[in-house]
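# Residue-level structure breakdown
So the chains spell out like this:
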Amino acid sequence: MSISSKKLILIDGYCILFRSFFALQKQYEYAGIWGFIRTLWKVIQARNPTVLVIALDTGAKTWRHNFYHRYKATRPPTPEKLLPQFKMLDELCTTLSIGSVRINGYEADDCIASSCFQYANAFDSTEIISCDKDLMQLVKNSVYFYDPFTKILYDEELVKQKIGVYPKQIQDLLALVGDTSDNIPGVKNIGNKTAISLLEKYISLNNILQNVDQLTGHREKHIKDNVEAATLSYKLASLKYCVKLPDIFSTNFVLKEDALHEFLLKYNMHSLHAIMH
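Note that this is a predicted model, so its numbers are computed, not measured.

The subject of this paragraph is helix α1 (residues 13-24). Along its 12 residues, α1 runs 16 Å from first to last C-alpha, staying within 8% of the 16 Å computed at 1.5 Å per residue. Here α1 has its buried residues at Gly13, Tyr14, Cys15, Ile16, Leu17, Ser20, Phe21 and Leu24. Tucked into the core, α1 has its buried residues touching β1 (7-12), α2 (31-47), β2 (51-55) and α4 (83-96).

Here's what the structure looks like:
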């Protein structure tokens, strides 16, 4: 497949929407959408996308729930004030003719991973726009992670400085320390510092398990007692690269400013309209 374009921008839609909502809910009626549009606008200005795609969740259970029924079970319900803003985000995508992808049985993370795997080579660079550091595991070669709130563009070395391990080791790290937001258990009594130390020496979870008898102190016992949890967590922290994606990666992005301004006025987002003028 040949695509005559330069930069692919992949936006983690609900990550930006949720963060915006919680940061701005006391200031704006539609805080999630307000913040999302402001972030989108800044990303367009700063990152200059050739093709722009927004990845979204379906809201239904995914393959991870089928694999582990307690996945994300500890998350609080979505705030009622945010619920109508999911449809508003869909409307925004339609209004601006922005390609979006949501696939039954998968999360937005899987859609982003599949987009990188299937399309990154057709572009000079690919940038993942997200506040979810789990997606940093996708960073390599011409694939970067851009935090729109700190405005930092992460390559492999910057990920190592930020997380403590290289992108290809983040899945191993999550398998050891778990992830409370997703209810991924990890290994009990193994904290971030210990996990990073283990991965510096043994590189991967698999190598740690193969050399568990060489571990010192309580580490050997902690790992041996939680092999099943570590293996489960490794699976849950994995990303899918084979999601069948819609044909939206060959359409060059052109911002429809008039349509955007009409959208803002429709929902009385006058302050944001003023910022963008």
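So that's the structure; there's more coming.
Time to look at the state of the cysteines. The tally for this structure, following the rule as stated, stands at one disulfide. Linked covalently through their sulfurs, Cys15 and Cys131 form a disulfide whose S-S length is 2.4 Å. Of this pair, Cys15 sits in helix α1 while Cys131 is found in the loop between β4 (125-129) and β5 (143-147), placing the two residues 116 residues apart along the sequence. For Cys15, a relative accessible area of 16% corresponds to the buried category. As a non-bridged cysteine, Cys93 has Cys111 as the owner of its nearest cysteine sulfur, 13 Å distant. Lacking any disulfide linkage, Cys116 is separated from the closest cysteine sulfur, that of Cys111, by 11 Å. For Cys116, a relative accessible area of 7% corresponds to the buried category.

One open sheet holds the six strands; their spatial order is β3-β2-β1-β4-β5-β6, and the pairing between them is mixed. Looking at the sheet topology across the chains shown, the edges are occupied by β3 (99-101) and β6 (152-154). Recorded for the sheet is a direction-independent mean angle of 25° between the axes of neighbouring strands. Two strands pair when backbone bridges link them, and β5 and β6 are joined in this way by three bridges, in the antiparallel orientation. Along β6, the bridge assignment pairs Tyr146 with Leu153. Along the sheet, α2 makes contact with β1, β2, β4, β5 and β6, crossing β1 at roughly 165°. Against the sheet, helix α5 (residues 108-119) touches β1, β2, β3, β4 and β5, its axis set at about 170° to β1.

Procedures and definitions
- Residue positions are counted from 1 within each chain, in the order its sequence is given.
- Only residues with pLDDT of 70 or above have their local features reported here, since the model is predicted, and side-chain atom pairs are shown and tallied only from 80 upward, although totals for entire chains, interfaces and linings are computed over all residues.
- Side-chain calculation: all heavy atoms of the structure are included, whereas hydrogens and water are not.
- Secondary structure elements are taken from DSSP: a helix is a run of H or I of four residues or more, a strand is a run of E of two residues or more, and numbering for both begins at the N terminus.
- Given a helix with a known number of residues, its expected span is that number minus one, times 1.5 Å.
- Residue burial is assigned from relative accessible area. The probe radius is 1.4 Å, only protein chains are included, and a residue is buried under 20% of its type maximum, exposed over 50%, and partly exposed in between.
- We call two residues in contact whenever any of their non-hydrogen atoms come within 4.5 Å of each other.
- When two cysteine sulfur atoms lie within 2.5 Å, the pair is treated as a disulfide.
- We treat two strands as partners when DSSP finds at least two bridges between them.
- Helix axes are fitted only over the stretch in contact, all axes being lines through C-alpha atoms; the angle between N-to-C directions runs from 0 to 180 degrees.

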